Amino acid sequence: MDTGEQHDADDEFVRFWQERRVCFLSTRRADGTPHLVPVGVTYDHATRTARVITSRDTAKARNVRRAAGAVVAVGQVDGRRWSTLEGVARVRDDAGAVRDAETRYAARYRQPRANPERVVIEIDVRRFLGTVRPSERRPQA
């Protein structure tokens, strides 16, 4: 049964991930230590997909490629409100995926500069942490 509280929690969560703020991405280096960097993140709640645009030779892209199937995390904070998304990441370099990610990035942040080396890190979100989280129900696509 869908209650107003569930709907309100999802609405607040989606708004939180649409507001313009710097996020952080955590990946794992080859030696197992965490690599934490500031990034812009977009999130599609209907598909539970987070996206980070970057250049193909960045450490974050290399870390994701090397550790195929590894879990990464992206998070953001606003005072006492915070949210972290965890999931399995992959690097995509096909033109359609990159163009889609750039369009989403432009809607949340600003039009990204031209970059022929751009790729997108797509995260299949499987876990939500924080004070701002969606309801437990999976959204209807």
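Definitions and limits used
Residues numbered from 1 in each chain as written. Predicted model: local features only at pLDDT ≥ 70, side-chain atom pairs only at ≥ 80, totals over all residues. Heavy atoms only, no water. UniProt positions renumbered as here; feature names shortened; annotations may be inferred. Helix = DSSP H or I, 4+ residues; strand = E, 2+ residues; numbered from the N terminus. Rg over C-alpha atoms; globule rule 2.2 N^0.38 Å. Buried < 20%, exposed > 50% of the residue type's maximum accessible area, 1.4 Å probe, protein only. Contact = heavy atoms within 4.5 Å. Areas by Shrake-Rupley, 256 points an atom, 1.4 Å probe, with all protein chains shown as cover. Lys, Arg positive; Asp, Glu negative; His and termini not counted. Charge placed at Lys NZ, Arg CZ, Asp CG, Glu CD. Polar contact = N/O pair within 3.5 Å; in protein donor to acceptor, adjacent residues only side chain to side chain. Expected span 1.5 Å × (residues − 1). Arc of directions from axis to C-beta. Phe/Tyr/Trp six-rings, centres within 6.5 Å; stacked < 30°, edge-to-face > 60°. Lys NZ or Arg CZ within 6 Å of the ring centre and 35° of its normal. Pairing = 2+ DSSP bridges. Core = buried A, V, L, I, M, F, W, Y, C linked by side-chain atoms within 4.5 Å.

According to the UniProt record, the Subunit (unreviewed entry) comment for the protein is "Homodimer."

Draft legend 1. Seen up close, the overall build of the protein. When its secondary structure is counted, the protein shows three helices and seven strands. In sequence order, the secondary structure elements of the protein are arranged as α-β-β-β-β-α-β-β-α-β. Taken over the C-alpha trace, the protein has a radius of gyration of 15 Å; the compact-globule value for 141 residues is 14 Å, and the two agree within 12%. Seen through its principal axes, the protein has C-alpha atoms that stretch 45 × 35 × 30 Å. Counting every position in the protein, which comprises 141 residues, the buried fraction comes to 44%. Contacts in the protein between residues at least 24 apart in sequence constitute 72% of all its contacts with a sequence separation of at least 6. A total accessible area of about 8,100 Å² is found for the protein, and carbon and sulfur atoms account for 49% of it. Of the side chains in the protein, 27 bear a positive and 20 a negative charge, and the two mean positions are spaced by 5 Å.

Draft legend 2. Layout of the side chain of threonine 54. Within the element layout of this structure, threonine 54 appears in strand β4 (residues 49–55). A distance of 3.0 Å separates polar atoms of two side chains, one belonging to threonine 54 and the other to threonine 58.

Draft legend 3. Just the UniProt feature "domain: Pyridoxamine 5'-phosphate oxidase N-terminal" (unreviewed entry) in the protein, in detail. Sites flagged by UniProt as "domain: Pyridoxamine 5'-phosphate oxidase N-terminal" (unreviewed entry) map to residues 10–128. Annotation note: span residues 10–128, helix share 24%, strand share 45%, distance between end C-alpha atoms 12 Å.

Draft legend 4. Structural context of helix α3 (residues 95–108). With 14 residues, α3 extends 20 Å between its outermost C-alpha atoms, agreeing within 8% with the 20 Å of an ideal straight helix rising 1.5 Å per residue. Taken residue by residue, α3 has Ala97, Val98, Ala101, Glu102, Tyr105 and Arg108 as its buried positions. On an axial view of α3, the arc spanned by its buried residues comes to 135°, and they lie on one face. Exposed residues lying more than 90 degrees from the buried face of α3 are Ala95, Thr103 and Ala107.

Draft legend 5. Spotlight on the packing of aromatic side chains. Evaluated as defined, the whole model comprises four aromatic pairs. Note on phenylalanine 13 and tyrosine 43: the rings are 5.5 Å apart at their centroids and 80° apart in plane angle, and the pair reads as edge-to-face. Of this pair, phenylalanine 13 sits in helix α1 (residues 4–16) while tyrosine 43 sits in strand β3 (residues 42–44), and the two are 30 residues apart along the sequence. Grouping residues by exposure puts phenylalanine 13 and tyrosine 43 together as buried. An aromatic cluster is built from Phe13, Trp17, Tyr43 and Phe128, whose rings are joined through pairwise contacts. Across from the ring centre of phenylalanine 16, 4.3 Å away, lies the NZ or CZ of arginine 21, which sits over that ring.

Draft legend 6. View of the pairing of strand β7 (residues 118–130). With seven bridges connecting them, β4 and β7 associate as antiparallel partners. Residue pairing for β7: valine 52 is matched across the bridge by isoleucine 121. As defined by bridge partners, strand β6 (residues 81–92) adjoins β7 across ten bridges and the pair is classed as antiparallel. Among the inter-strand pairings, valine 88 is bridged to a residue of β7, identified as aspartate 124.

Draft legend 7. Structural detail: the nonpolar core. Core analysis: the largest hydrophobic core is formed by 28 residues, its most contacted members being Trp17, Val74, Leu85 and Ile123. Mapped onto this core, the elements with two or more residues apiece are α1, β1 (23–28), β2 (34–39), β4, β5 (71–78), β6, α3 and β7. If you tally residues by element for this core, the top one is β7, at five residues. Ignoring any residue separated from it by four or fewer positions in sequence, one finds valine 74 in contact with Trp17, Phe24, Leu25, Val41, Ala50, Val52, Ser83, Thr84, Leu85 and Ile123.

Draft legend 8. Up close: the side chain of glutamine 76. Position of glutamine 76 among the secondary structure elements: in strand β5. Within polar-contact distance, the side chain of glutamine 76 engages the backbone oxygen of phenylalanine 16 at 2.9 Å. Within the structure, the side chain of glutamine 76 is placed 2.6 Å from the side chain of arginine 108, a separation counted as a polar contact. Look past the residues within four positions of glutamine 76 in its chain and what remains in contact with it is Phe16, Trp17, Arg21, Val22, Cys23, Arg81, Trp82, Ser83 and Arg108.

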